[in-house]
Amino acid sequence: MSEWTIGIIGGSGLYAMDALEDRQWIEVTSPWGKPSDKILCGTIGHVRVRFLPRHGRGHVHIPSKVDARANIDALKRAGCTDILAISAVGSLSEELAPGRFVAVDQFIDNTKGRPSTFFDSGFVAHVSMGDPVCSRLSKYAAKAAEKAGADVTEGATYLAMEGPQFSTRAESKLYRHWGAEVIGMTGMPEAKLAREAELPYALLAMVTDWDSWRDSEDAVDVGVIIEQMNANSATAVKTVEAFCKGLPKKRTPSPIDTALDDAILTAPDKHDRELMAKLDAVAGRLFRAE
Ligand SMILES: CSC[C@H]1O[C@H](OP(=O)(O)O)[C@H](O)[C@@H]1O
Ligand SMILES: Nc1ncnc2[nH]cnc12
């Protein structure tokens, strides 16, 4: 049993965390690129927290250029044991009205050309993504959002689109046919990379709009989203606080802590040492003794 260090990835509208005690922004460098911003370190109750604003303070990064590899690697280097990501999403379901919080449990990755793995020739790994979120973390997050006063749905499929433009009406309807229930631009490849880095990951989505599938309504625009984001943000901060305070004192191991145990196929004598040096935070526990 050990302790929790929770990485919070703050989405659109969530750029800082006043709830943190003893807080300090620290620069974490990563061999994978530049993280979105410095990381705000502090504590909430008995939990260490590492907060990273996904788009940077001042919302400087377009979704396609959020360096999810650098962000996940930096959070791992900052000692995170688990990650709770927060995101603004559009709704693709009649049941998920703006204002609702949704604990996502599945993803469809429709992003294009984003680096989506830490691995490469010379260190090949295939992790399982059948169950892409940590159910334990997701349950704690849903409970915390309820405690913070939100209407909460547990379980929904998130469609990750490339953006930055919103979907056409035809795309929005298509994604509903695919079974997607919420839509955003950042949940993938973030969730894949968290799994590769053996970090249990949950995504709490805040519904800001109806996207563009409802013929009777105006198509989504960013003004509507910002209005709803502002209405949601105090509840999101309260949720993070309740989430940390609601975690048990001790952290029992998760199977995701060892997701790479049977995932690596490359024979040790074929390992690419340069790549392994970059993988020191993500996968170093497997080869430090090599
Ligand atoms: C502000 S509208 C679109 C923008 O909002 C979402 O960001 P995040 O997932 O970081 O909350 C969406 O994915 C887009 O990046
Ligand atoms: N309708 C939408 N499409 C994509 N990303 C979003 N983020 C918030 N609303 C969205």
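- Going by the annotation in an unreviewed UniProt entry, the name recorded for the chain is S-methyl-5'-thioadenosine phosphorylase, with Qipengyuania gelatinilytica given as the source organism.
- Quoted verbatim from the Subunit (unreviewed entry) field of the UniProt record, the comment on the chain reads "Homohexamer. Dimer of a homotrimer."
- A UniProt comment under Pathway (unreviewed entry) is attached to the chain, and it reads "Amino-acid biosynthesis; L-methionine biosynthesis via salvage pathway; S-methyl-5-thio-alpha-D-ribose 1-phosphate from S-methyl-5'-thioadenosine (phosphorylase route): step 1/1."

A few points about the environment of Met17
Okay, so step 1: Structurally, the position occupied by Met17 is in the loop between strand 1 (5-10) and strand 2 (21-26).
Okay, so step 2: In this structure, Met17 is in contact with Arg23, Leu40, Phe51, Val237 and Val240, ignoring residues within four places of it in sequence.

Describing the packing of helix 1 (residues 68-77) against helix 7 (residues 280-287)
Okay, so step 1: Closest axis-to-axis distance for the helix 1/helix 7 pair is 10 Å, and the angle between their directions is 55°. In terms of orientation, helix 1 lies oblique with respect to helix 7. Residue-level contacts link Asp73, Lys76 and Arg77 of helix 1 to Asp280, Ala281 and Val282 of helix 7.
Okay, so step 2: Split by residue class, the contact of helix 1 with helix 7 holds 2 nonpolar, no polar and 4 charged.

Things to note about the pairing of strand 4 (residues 47-53)
Okay, so step 1: Most of strand 4 sits out of view: 6 of its 7 residues are buried.
Okay, so step 2: When strand 3 (residues 39-44) meets strand 4, the two strands line up antiparallel, connected through 5 bridges. Pairing of Ile44 across the sheet is with Val47, part of strand 4.
Okay, so step 3: Hairpin connection of strand 3 to strand 4: 2 residues between the antiparallel strands, including Gly45 at a positive phi of 60°.

Considerations on the site of ligand 2
Okay, so step 1: Every residue near ligand 2 is listed here: Ala88, Val89, Gly90, Met161, Phe166, Ile183, Gly184, Met185, Thr208, Asp209, Asp211 and Ile225.
Okay, so step 2: Here Ala88 contributes a backbone N or O atom positioned 3.3 Å from a nitrogen atom of ligand 2.
Okay, so step 3: Thr208 has a polar side-chain atom sitting 3.5 Å from a nitrogen atom of ligand 2.
Okay, so step 4: Bound to the protein, ligand 2 loses 95% of the 260 Å² it would expose on its own.

Overview of the site of ligand 1
Okay, so step 1: As a matter of local geometry, ligand 1 sits amid Gly11, Ser12, Arg54, His55, Pro63, Ser87, Ala88, Phe166, Gly184, Met185, Thr186 and Ile225.
Okay, so step 2: A distance of 2.8 Å separates an oxygen atom of ligand 1 from a polar side-chain atom of Arg54.
Okay, so step 3: For ligand 1, whose accessible area on its own is 380 Å², the fraction buried by protein is 92%.
Okay, so step 4: In this structure, ligand 1 is accommodated by the largest pocket.

What about the packing of helix 2 (residues 135-147) against helix 5 (residues 222-246)?
Okay, so step 1: At a minimum axis distance of 8 Å, the contact between helix 2 and helix 5 shows a crossing angle of 125°. Here helix 2 lies oblique to helix 5, going by the angle between them. Between helix 2 and helix 5 the crossing geometry is right-handed. Between helix 2 and helix 5, the contacting residues are Leu137, Tyr140, Ala141, Ala144, Ala145 and Lys147 on the first element and Thr239, Ala242, Phe243 and Gly246 on the second.
Okay, so step 2: Residue composition of the contact of helix 2 with helix 5, by class: 7 nonpolar, 2 polar and 1 charged.

Some words on empty space enclosed by the protein
Okay, so step 1: The final tally for this structure, using the stated rule, is 1 cavity of 30 Å³ or more.
Okay, so step 2: Approximately 50 Å³ is the volume found for the largest cavity.
Okay, so step 3: If you trace the largest cavity, you find it lined by Arg54, Pro63, Val66, Ala68, Arg114, Met185, Thr186, Met188, Pro189 and Glu190.
Okay, so step 4: Grouping the constituent residues of the lining of the largest cavity by class yields 6 nonpolar, 1 polar and 3 charged.

Some remarks on the side chain of Ser93
Okay, so step 1: Along the chain, the position of Ser93 falls in the loop between strand 5 (82-91) and strand 6 (101-104).
Okay, so step 2: Apart from residues no more than four positions distant in its own chain, Ser93 is found in contact with Arg176, Glu181, Trp210 and Trp213.

Cut-offs and rules
- Residues numbered from 1 in each chain as written.
- Chains lettered and ligands numbered in written order.
- Predicted model: local features only at pLDDT ≥ 70, side-chain atom pairs only at ≥ 80, totals over all residues.
- Heavy atoms only, no water.
- UniProt positions renumbered as here; feature names shortened; annotations may be inferred.
- Helix = DSSP H or I, 4+ residues; strand = E, 2+ residues; numbered from the N terminus.
- Contact = heavy atoms within 4.5 Å.
- Axes fitted to C-alpha atoms, helices over the stretch in contact; angles between N-to-C directions.
- Parallel < 35°, antiparallel > 145°, perpendicular 65-115°, else oblique.
- Nonpolar A, V, L, I, M, F, W, Y, C, P; charged D, E, K, R; others polar.
- Buried < 20%, exposed > 50% of the residue type's maximum accessible area, 1.4 Å probe, protein only.
- Pairing = 2+ DSSP bridges.
- Near = heavy atom within 4 Å.
- Polar contact = N/O pair within 3.5 Å; in protein donor to acceptor, adjacent residues only side chain to side chain.
- Areas by Shrake-Rupley, 256 points an atom, 1.4 Å probe, with all protein chains shown as cover.
- 1 Å grid on protein atoms, 1.4 Å probe; cavity = no way out; pocket = protein on both sides within 12 Å on 5 of 7 lines; lining within 4 Å.
- Sits in = over half its atoms within 2 Å of the grid points.
- Left-handed = near helix turned anticlockwise from the far one by under 90°.
- Points joined across faces, edges and corners; volume = space filled by probe spheres on them.

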